[in-house]
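Letter by letter, the chains look like this.
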Amino acid sequence: MKQPLAPAFLTIRFDIEHEESIRYLGTDAGLEREIEAGLRLLGEAGVRGNFAVVASTAEKFPAAVRRIVAAGHGLLGHGRAHAPLAGLGRVRQAETLAAMRSVLSDVSGVPIRGFAAPQDSTDLDTAPAALDAKLAFATYVRGAPRGPRPQAMKVLGHDIPLWILSPQNQPRNGRSDWSILRKDPPWSEPAWDAAAARRDWTAALASAHARGGILNLIAHPWMFPGNAGETGLLFELLKEARNTGVRIAPFEEILESIPLAVSEGHLKPEHHHKRRL
């Protein structure tokens, strides 16, 4: 039996990507330690979160992935590698997502049903490709319907829709930690400022609460050493959300507990290049 819609939802997503750690820090030696920091944070806050894991990272750190699952958190894919999907075409995207799903499932021992596109890189091939790869949900894809709550996106050629957790009403699918480490395009992020992040995240949570919507908060454990005060701020925000009646849960639990709106439009894979957004 489905539960009634809560006033608002907060999801916290940790992106686990060793390639980015190497790119910006020169090493991934501390990644397992920072994953443990994220697990400890969630445990102390008494909530369950989501871990979006790159398949190549899972192959390199399989024990960390199994600890995530053992702690009861949601596990979803974040690409076969941390590389863009947009521009690959439907067939190659589907192959990439299927390989991601297979690797993560083998490493973790649990089925993988959803994904968060690496670098937020999607195009109009991504939704049909995800369904071709036997995935059930995405945090976001280009062409997704607008709205404050998760929706089901119809794709011609498939009998079942693709669930979209964060429709097109949030910049970068929610809020992300900022870091001085990523000043290069396309990120061009401002330097981490805990006070600014507190104001921004708190305002975003209040907006989601007022709309009865969902806020997806994205954090990168490999950034923790350079983002002073981030783990403490995340802990405070999680506690504040719980105290104000906001529901915090893994993506799949949220999708299974609320009535999904089904978008009226149909995305036609064979004609998607003619569709204007």
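Look up: the structure comes first, before these words.
In this text, all values refer to a predicted model and were calculated from it rather than measured experimentally. Residues take numbers from 1 onward in each chain, read along the sequence in its written order. The model is predicted, so local features are restricted to residues of pLDDT at least 70 and side-chain atom pairs to those at 80 or more, both for listing and for counting; the totals for chains, interfaces and linings are taken over all residues. The basis for every side-chain value is the complete set of heavy atoms in the structure, and neither hydrogens nor water enter the calculation.

1. Overview of the nonpolar core
Most often, soluble globular proteins have nonpolar side chains that are buried together.
Okay, so step 1: Here, nonpolar core means buried Ala, Val, Leu, Ile, Met, Phe, Trp, Tyr and Cys residues that are tied together by side-chain atoms lying within 4.5 Å of each other. Three exposure classes are used, based on accessible area relative to the maximum for each residue type with a 1.4 Å probe and protein chains only: buried under 20%, partly exposed in between, and exposed over 50%. Of all hydrophobic cores here, the largest spans 64 residues; its most connected members are Leu10, Phe14, Phe51, Phe115, Val141, Leu234 and Leu238.
Okay, so step 2: Any pair of residues with heavy atoms lying within 4.5 Å of one another is described as a contacting pair. With residues up to four places along the chain from it excluded, the contact list for Val141 reads Phe115, Thr122, Thr126, Ala127, Met153, Leu162 and Ile164.
Okay, so step 3: One finds Phe9, Leu76, Phe251 and Leu255 within the second-largest nonpolar core, a separate group that totals 13 residues.

2. A few points about the pattern of salt bridges
Okay, so step 1: Each salt bridge in this description consists of a side-chain nitrogen of Lys or Arg and a carboxyl oxygen of Asp or Glu lying within 4 Å of one another. Following the criterion strictly, the structure yields 13 salt bridges and no others.
Okay, so step 2: Between Arg13 and Asp15 there is a salt bridge whose closest N-O contact spans 2.6 Å. Judged on exposure class, the residue Arg13 and its partner Asp15 are both buried.
Okay, so step 3: Arg247 is paired through a salt bridge with Glu253; the nearest N and O atoms lie 2.9 Å apart.
Okay, so step 4: By relative accessible area, which is 16% here, Arg247 ends up buried.
Okay, so step 5: Through salt bridges that share partners, Glu32, Glu36 and Arg67 make up one connected network.

3. Focus on helix H1 (residues 18-25)
Every α-helical turn comprises 3.6 residues, leaving residues that sit three or four positions apart pointing alike.
Okay, so step 1: Helix and strand labels come from DSSP, where a helix needs a run of H or I of at least four residues and a strand needs a run of E of at least two; each type is numbered from the N terminus. When H1 is considered as a whole, its buried residues turn out to be His18, Glu20, Ser21 and Tyr24. Down the axis of H1, the buried set is contained in an arc of 155 degrees. They therefore lie on one face.
Okay, so step 2: In this structure, the buried side of H1 is in contact with strand S1 (9-16), helix H2 (31-45) and helix H3 (55-60).
Okay, so step 3: Where H1 terminates, the next one or two residues include Gly26, which has phi positive at roughly 85 degrees. Directions pointing from the helix axis toward each C-beta atom define the arc.

4. A look at the packing of aromatic side chains
Okay, so step 1: Any Phe, Tyr or Trp ring, taking Trp's six-membered ring, that has another such ring centre within 6.5 Å forms a pair; planes under 30 degrees apart are called stacked, those over 60 apart edge-to-face, and the others tilted. All told, the structure shown has five aromatic pairs when counted by the stated rule.
Okay, so step 2: Relative to Phe51, the ring of Phe14 has its centre 5.1 Å away and its plane inclined at 35 degrees; by these criteria the two rings are tilted. On the criterion of sequence distance, the pair formed by Phe14 in strand S1 and Phe51 in strand S2 (residues 50-53) is long-range, its members being 37 residues apart.
Okay, so step 3: With relative accessibility at 0%, the residue Phe14 sits in the buried group.
Okay, so step 4: Residue Phe51 is classed as buried on the basis of its relative accessible area of 0%.
Okay, so step 5: Here the aromatic rings of Phe14 and Phe224 are separated by 6.3 Å at their centres, their planes lie at 90 degrees, and the arrangement is edge-to-face. Linking Phe14 in strand S1 with Phe224 in the loop between strand S9 (214-219) and helix H8 (230-243), this pair joins segments that are 210 residues apart in sequence. The same class applies to Phe14 as to Phe224, namely buried.
Okay, so step 6: Grouping aromatic residues by their ring pairs yields a cluster made of Phe14, Phe51 and Phe224.

5. Considerations on the pairing of S9
Okay, so step 1: Within S9, six of the six residues are buried, which leaves the element mostly enclosed by the surrounding structure.
Okay, so step 2: Residues of S9 alternate between two faces, with Ile214, Asn216 and Ile218 on one and Leu215, Leu217 and Ala219 on the opposite face, all of them buried.

6. Description of the environment of Ser56
Okay, so step 1: Structurally, the position occupied by Ser56 is in helix H3.
Okay, so step 2: Considering only alpha carbons, one finds Ser56 and Met100, 44 residues apart in sequence, at a separation of 8.4 Å.
Okay, so step 3: Contacts of Ser56, omitting those with residues within four sequence positions, involve His18, Glu19, Arg80 and Ala81.
Okay, so step 4: Here a polar contact means two N or O atoms within 3.5 Å. Within protein one must be a hydrogen donor candidate and the other an acceptor candidate, and residues neighboring in sequence count only if both atoms are side-chain atoms. A distance of 2.9 Å separates the side chain of Ser56 from the side chain of Glu19, its partner in a polar contact.

7. What about unusual backbone geometry?
Trans is the common state for peptide bonds, and a negative phi is the common state for residues other than glycine.
Okay, so step 1: Notably, Gln119 is not glycine yet its phi reads approximately 60 degrees, a positive angle.
Okay, so step 2: Tracing the sequence through the fold places Gln119 in the loop between strand S4 (114-115) and helix H6 (126-132).
Okay, so step 3: Within the chain, Asp120 stands out as a residue other than glycine whose phi angle is a positive 55 degrees.
Okay, so step 4: Here Asp120 is to be found in the loop between S4 and H6.
Okay, so step 5: By relative accessible area, Asp120 is classed as partly exposed at 25%.

8. What to know about the packing of helix H7 (residues 194-211) against H8
Okay, so step 1: At a minimum axis separation of 11 Å, H7 and H8 run at an interaxial angle of 25 degrees. It follows from the interaxial angle that H7 and H8 lie roughly parallel. In terms of crossing hand, the pair formed by H7 and H8 is right-handed. Counted together, Ala194, Ala197, Arg198, Trp201, Thr202 and Leu205 of H7 and Glu230, Leu233, Leu234, Glu236, Leu237, Glu240 and Ala241 of H8 form the full contact between these two elements.
Okay, so step 2: Side-chain classes follow a simple rule in which Ala, Val, Leu, Ile, Met, Phe, Trp, Tyr, Cys and Pro form the nonpolar group, Asp, Glu, Lys and Arg form the charged group, and the remainder, Gly included, forms the polar group. In terms of residue class, the contact of H7 with H8 is made up of eight nonpolar, one polar and four charged. Orientation is described by lines fitted to C-alpha atoms, with helices fitted over the stretch in contact, and by angles between N-to-C directions that extend from 0 to 180 degrees. Note that the term roughly parallel is reserved for angles under 35 degrees, roughly antiparallel for angles over 145, roughly perpendicular for angles of 65 to 115, and oblique for everything else. Definitions for this section: a left-handed crossing has its near helix turned counterclockwise from the far helix by less than a right angle. A right-handed crossing has that turn clockwise.

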